[in-house]
Amino acid sequence: MMVFPIAVVIACPAVLVLAASSFAVIYLLLPATFFKMYMRLSHWRAGFTIKTIKKGEWTFCYAEKGQPDPNQPSMLCFHGFTASKDQWVPIAQGVPKDVHIIALDMPGHGGTSRKEIGKDDVGIHTLARQAHIFAEVKGLTKDKIHVVGASLGGAIAGIYASMYPDEVAMVSMLCPAMKTPVETAFMHELRDGTCHLIPETPEEVQHMIGMCMYNKAKIPKQILKGILEIRKPYNEYFNYIYKENLHEENEELLANESHKITMPSQLIWGAHDEVNIKS
């Protein structure tokens, strides 16, 4: 009568050892797969569900948490250049459960499709219009929303608000991409043709992450390799966006269009920002 329980007790350690061994093999031999698994878990812990939706030639990938509430605006979040919806996982963990939040992969980033290089404009106005296509098909234009963006996404959020004021309840811009009085080393190198947001080696990935974080940490080499492997197929398109937007008019775009942003707005900047200094 005790054979089955004893067998289970004996089998459990073996199962745990097998699982640990499998993760170790994936970590060592398939670092990109390991990192994808880690991010999937992080999305789940944040309450996000990853989804896709199609409109014509576009396939939009996004992460969604919660349900629309007529008593408060949904949040539509735009990530920074070369990032993805993953950028919003730590933020989503701190957002109240009753707030509906969507983190969108911008075209050519993450799981959202893109057109061939040279077949479409990739300026900020175009990116805002493409985000609006998503908002329409997702049903977010029925009620006013809270548009949020960081870095390039911050500039897109501001331009989105200026283009569609009747559909935006409020806008939050986190260290938006724009010209500021003090130029960082990053911005200076950007104009000289070096973009640290498009790394080509694990060491450059570490530099990129450290530059974007206040609490810096040494990341294991295998994780850096995994991140690089995931990002490399996008680098040609990232370079295209970078070169197409590298002109002074774009740097001043948000400031020049700010008078059209008529809804409640907030501009948030980190005191130790290494990418773009507020003053």
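S.K.: Give a detailed account of the packing of helix 4 (residues 124–138) against helix 5 (residues 152–163), specifying residues and quantitative values.
M.R.: In the contact formed by helix 4 and helix 5, the axes pass within 9 Å of each other and the chain directions differ by 70 degrees. Taken as axis vectors, helix 4 and helix 5 run roughly perpendicular relative to one another. Between helix 4 and helix 5, the residues in contact are I124, H125, L127, A128, R129, A131, H132 and A135 and L152, A155, I156, I159, Y160 and M163, respectively. A per-class count over the contact of helix 4 with helix 5 returns 11 nonpolar, 2 polar and 1 charged.

S.K.: I'd love a proper account of the side chain of H109, names of residues and values included.
M.R.: Within the secondary structure, H109 sits in the loop between strand 4 (101–104) and helix 4. Within the structure, the side chain of H109 is placed 3.1 Å from the backbone oxygen of P107, a separation counted as a polar contact. Apart from the residues lying within four places of it in its own chain, the contact partners of H109 are H79, G80, F81, T82, A83, Y234, F238 and I241.

S.K.: An account of the packing of helix 2 (residues 31–46) against helix 8 (residues 221–231) is needed here, citing residue identities and associated values.
M.R.: Where helix 2 contacts helix 8, the axes come no closer than 7 Å and their chain directions differ by 90 degrees. Classified by the angle between their axes, helix 2 and helix 8 sit roughly perpendicular to one another. Contacts between helix 2 and helix 8 involve P31, A32, F34, F35 and K36 from the former and Q222, I223, K225, G226, I227, E229 and I230 from the latter. In terms of residue class, the contact of helix 2 with helix 8 is made up of 7 nonpolar, 2 polar and 3 charged.

Criteria and cut-off values
- Residues numbered from 1 in each chain as written.
- Predicted model: local features only at pLDDT ≥ 70, side-chain atom pairs only at ≥ 80, totals over all residues.
- Heavy atoms only, no water.
- Axes fitted to C-alpha atoms, helices over the stretch in contact; angles between N-to-C directions.
- Helix = DSSP H or I, 4+ residues; strand = E, 2+ residues; numbered from the N terminus.
- Parallel < 35°, antiparallel > 145°, perpendicular 65-115°, else oblique.
- Contact = heavy atoms within 4.5 Å.
- Nonpolar A, V, L, I, M, F, W, Y, C, P; charged D, E, K, R; others polar.
- Polar contact = N/O pair within 3.5 Å; in protein donor to acceptor, adjacent residues only side chain to side chain.

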